[in-house]
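# What the coordinates show
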Amino acid sequence: MDVTEDTVRDVCTDAVFERGERYLTEGRIHEMHRVDTTVTAVVSGSRQYDVRVDLATDGFAPWCDCPYDGPGACKHVVAVLLRCVDDPPPDEGDQFDAALDGVDADELRAFLRDELATDADLRARFLARVGEPTRQSADELRASIDRRFEETNPEYHVVFEPIDFTQWFDLANEYREQERYASAATVYRALVESLDDNMERVDGAYDHFSSAFSRALDGYVDCVAAAERDADAVTDAIGFLNERATSGTPFLAEHFEKAAVELREKMNEQPSK
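Basis of the calculations
Residues numbered from 1 in each chain as written. Predicted model: local features only at pLDDT ≥ 70, side-chain atom pairs only at ≥ 80, totals over all residues. Heavy atoms only, no water. Helix = DSSP H or I, 4+ residues; strand = E, 2+ residues; numbered from the N terminus. Rg over C-alpha atoms; globule rule 2.2 N^0.38 Å. Buried < 20%, exposed > 50% of the residue type's maximum accessible area, 1.4 Å probe, protein only. Axes fitted to C-alpha atoms, helices over the stretch in contact; angles between N-to-C directions. Parallel < 35°, antiparallel > 145°, perpendicular 65-115°, else oblique. Contact = heavy atoms within 4.5 Å. Nonpolar A, V, L, I, M, F, W, Y, C, P; charged D, E, K, R; others polar. Salt bridge = Lys/Arg side-chain N within 4 Å of Asp/Glu carboxyl O.

Within the chain, the secondary structure is distributed over 12 helices and four strands. For the chain, whose C-alpha radius of gyration is 21 Å, the value lies close to the compact-globule estimate of 19 Å for 273 residues. A principal-axis box enclosing the C-alpha atoms of the chain has dimensions of 60 × 50 × 40 Å. Counting the 273 residues in the chain, one finds 39% classified as buried.

Here it is as structure tokens:
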């Protein structure tokens, strides 16, 4: 979408827009980069905050690791978007393309293999991209998400700031693009379980965590319905949703109940084979 003052105003409140303008004029934006339509930056506030936006996505898909939990995007995101209105960073994607065009295939293969050997998240996404089904169970994936909660504020049980779940959502999306819906559902289920288990420790950035939960739950229902699964597997998924409605975080119970109903409806709408 076009980045204009009006489209930026659409993703934030008036008060936040004014604060973002002030941050921009005060020169608080650093290390700003763009690859294709994705812009990343560091914005100085009470500390340094990482910001990411997608200029081609409706609403810009904003993410920031600040503790803002109000409506819409935060001032750090707004500052970056406003910078893109008048002075967008150059696209570094062309540089990457030129380097890839000139690199030796064996060198590239060796580099990629070395990176895959040491980066588990990248390895998972690579395997998803080339069509391999997930080898991790929902429990294993959930454990890695749980660790992110533990690492965010190790001295206290409470979590005050947003957690970036992008790597798991990206992984699920890779599987969906490969039409491996069962694998995508496994990733979404892990996110749903971890967010449900940890939601009561959240004390800040409520909109961020609620949005992540809703996105994961919707993705789970969609992928279970899209996968070619037997009746027992669908029954298991509905049982999981109903069980979470009674044993999980109380204020999320209604969401699980609605998801179970939606999944039943989706399965009933599918033509019999």
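With that settled, the discussion passes to the packing of helix α9 (residues 181–198) against helix α11 (residues 231–247). The contact between α9 and α11 brings their axes to 12 Å, and the two run at 10°. What the angle tells us is that α9 and α11 run roughly parallel. Judged by residue contacts, R189, V192, E193, D196 and D197 of α9 engage D236, F240 and R244 from α11. For the contact of α9 with α11, the residue count by class is two nonpolar, no polar and six charged.

To continue, consider unusual backbone geometry. The residue A61 is not glycine, and still its phi comes out positive at about 45°. Within the element layout of this structure, A61 appears in the loop between β3 (48–54) and β4 (63–64). Unusually for a residue other than glycine, E179 sits at a positive phi of about 60°. With respect to the helices, strands and loops of the structure, E179 is situated in the loop between α8 (166–177) and α9. The class of E179 is exposed, set by a relative accessible area of 59%.

This next bit is on the pattern of salt bridges. All told, the structure shown has 16 salt bridges when counted by the stated rule. R52 is the salt-bridge partner of D164, the closest N and O atoms lying 3.5 Å from each other. Of the two residues, D164 sits in the loop between α7 (138–152) and α8 while R52 sits in strand β3, which places them 112 residues apart along the sequence. Beyond isolated ion pairs, a larger network of salt bridges with shared partners links D139, R142, R189, E193 and D236.

Such coordinate-based values are descriptive only and should not be taken to indicate function.
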